[in-house]
Amino acid sequence: MATPHCGTMAVATVNLRAVTSWVGIARLFAIVLSCIAFSLVASTGDFGGPYGTWCMFTWCFCFAVTLLVLVLELLELYPKLPLSWDDFTSAFSMLAALMVFTTSVVFPSTFISSPCSSNKCVRQAVATTFSCLCFLAYALEVGLTRAKPGDISSFLSTVPGLLKVFEAYVACLIFSLLDAYSSEAGLQWCVAVYSICFIITLLIIIFTIGRCLTYMPCPLEKMLVGYNALALVMYLTATILWPLYSFRGKSRPNSCGRNCWWNKHLGITFLTIFNLIAYLVDLVYSTKMVFIRAPP
């Protein structure tokens, strides 16, 4: 008599290295620290306004995505996704480090006042401490997953790739500070520089994660050299024109609060300089990738 056929059940594979490796441990710390940070701030009930909303979004977003990454690696489900997993995780860890760093600076400067003696203020200070530790966890992950010199198999884990994430993020910060710029042609040019470089940089990141670089008509390394040189020149003009047209014939208002136009334009000036330096370093590394090959 024939034995009945029993259907086999698919057994999920568990990869324990996802939580026992140094990268996995760093992600676990990031999950716990970000969870504690937004829980403490939520318990105070004082996180209103654009800055408080940004801080809560940062902690919750980083917590959720890091938890998702950890689960997908633990169950080994990430190969089924139509994207370059190493590029995605490298880009996200860099983005999370930048976002949490910004939040660790913005939150205490906005919500914590001296002297800090109330129970609410103490919880906010502790949340800031955990946020700083969360930044260190993401920075550690970036350092652990960064590609070795000469290895370009995962572009966004190389120095030029990480700089692309930095450049796009700084451009987003610049956009958040823009207010009045339509009165001067020089300021309009600067906004065009920020927008054009941001769009191209974002497309490079998206194409890399989506494995679309094979459709490009020329090699990525050579294209990056040309683009970084162009972006460097464009940001050099913005570095000169933005403060020139923003502060020419104008003095700082006596009552210049948090949303004062002077402070915003000064912040844009420094962020423009940061991106100028980033594109310069990016150009140097991209040139080395093309013309200076690592020995076999």
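Residues numbered from 1 in each chain as written. Predicted model: local features only at pLDDT ≥ 70, side-chain atom pairs only at ≥ 80, totals over all residues. Heavy atoms only, no water.

If you look the protein chain up in an unreviewed UniProt entry, it shows as MARVEL domain-containing protein from Athene cunicularia. Recorded in UniProt for the protein chain, the comment headed Subcellular location (unreviewed entry) runs: "Membrane". UniProt annotates the protein chain under Sequence similarities (unreviewed entry) with the comment "Belongs to the MAL family." (UniProt positions renumbered as here; feature names shortened; annotations may be inferred.)

Peer 1: What should I look at first to understand unusual backbone geometry in this one?
Peer 2: What is expected of a backbone is that most residues other than glycine have negative phi and most peptide bonds are trans. If you check the backbone angles, E76 has positive phi at about 55° while not being a glycine. With respect to the secondary-structure elements, E76 resides in the loop between α3 (49-74) and α4 (85-111). You will see that R211, though not glycine, has its phi angle at about 55°, which is positive. Examined against the element boundaries, R211 turns out to sit in the loop between α7 (185-209) and α8 (220-247). Using a relative accessible area of 53% as the deciding quantity, one classes R211 as exposed. (Helix = DSSP H or I, 4+ residues; strand = E, 2+ residues; numbered from the N terminus. Buried < 20%, exposed > 50% of the residue type's maximum accessible area, 1.4 Å probe, protein only.)

Peer 1: For this particular structure, what's the right way to read the confidence of the model for the protein chain?
Peer 2: Low pLDDT means the predicted atomic positions in that stretch should not be read closely. Per-chain confidence: the protein chain averages 86 in pLDDT, with 91% of residues scoring 70 or above. pLDDT under 50 marks residues 1-10. Its contacts with residues more than four places away, or in other chains, come to zero contacts. (pLDDT = per-residue confidence, 0-100. Contact = heavy atoms within 4.5 Å.)

Peer 1: It is not clear to me how the layout of surface pockets should be interpreted in this structure. Could you clarify?
Peer 2: Summary: where empty space remains is shown by rolling a probe the size of a single water molecule over the atoms. Reported here for the largest pocket is a volume of approximately 930 Å³. As for the largest pocket, its lining consists of 29 residues, and the residues nearest its centre are Y51, T102, V106, L173 and L177. Going through the elements one at a time, α3, α4, α5 (119-145), α6 (159-177) and α9 (261-291) are the ones with two or more residues in the lining of the largest pocket. In terms of residues, the lining of the largest pocket owes the most to one element, α4, which gives nine residues. Along the lines of polarity and charge, the residues of the lining of the largest pocket split into 20 nonpolar, seven polar and two charged. Both of domain 1 (13-153) and domain 2 (158-295) provide at least three residues apiece to the lining of the largest pocket. (1 Å grid on protein atoms, 1.4 Å probe; cavity = no way out; pocket = protein on both sides within 12 Å on 5 of 7 lines; lining within 4 Å. Points joined across faces, edges and corners; volume = space filled by probe spheres on them. Nonpolar A, V, L, I, M, F, W, Y, C, P; charged D, E, K, R; others polar. Domains from an automatic or database assignment.)

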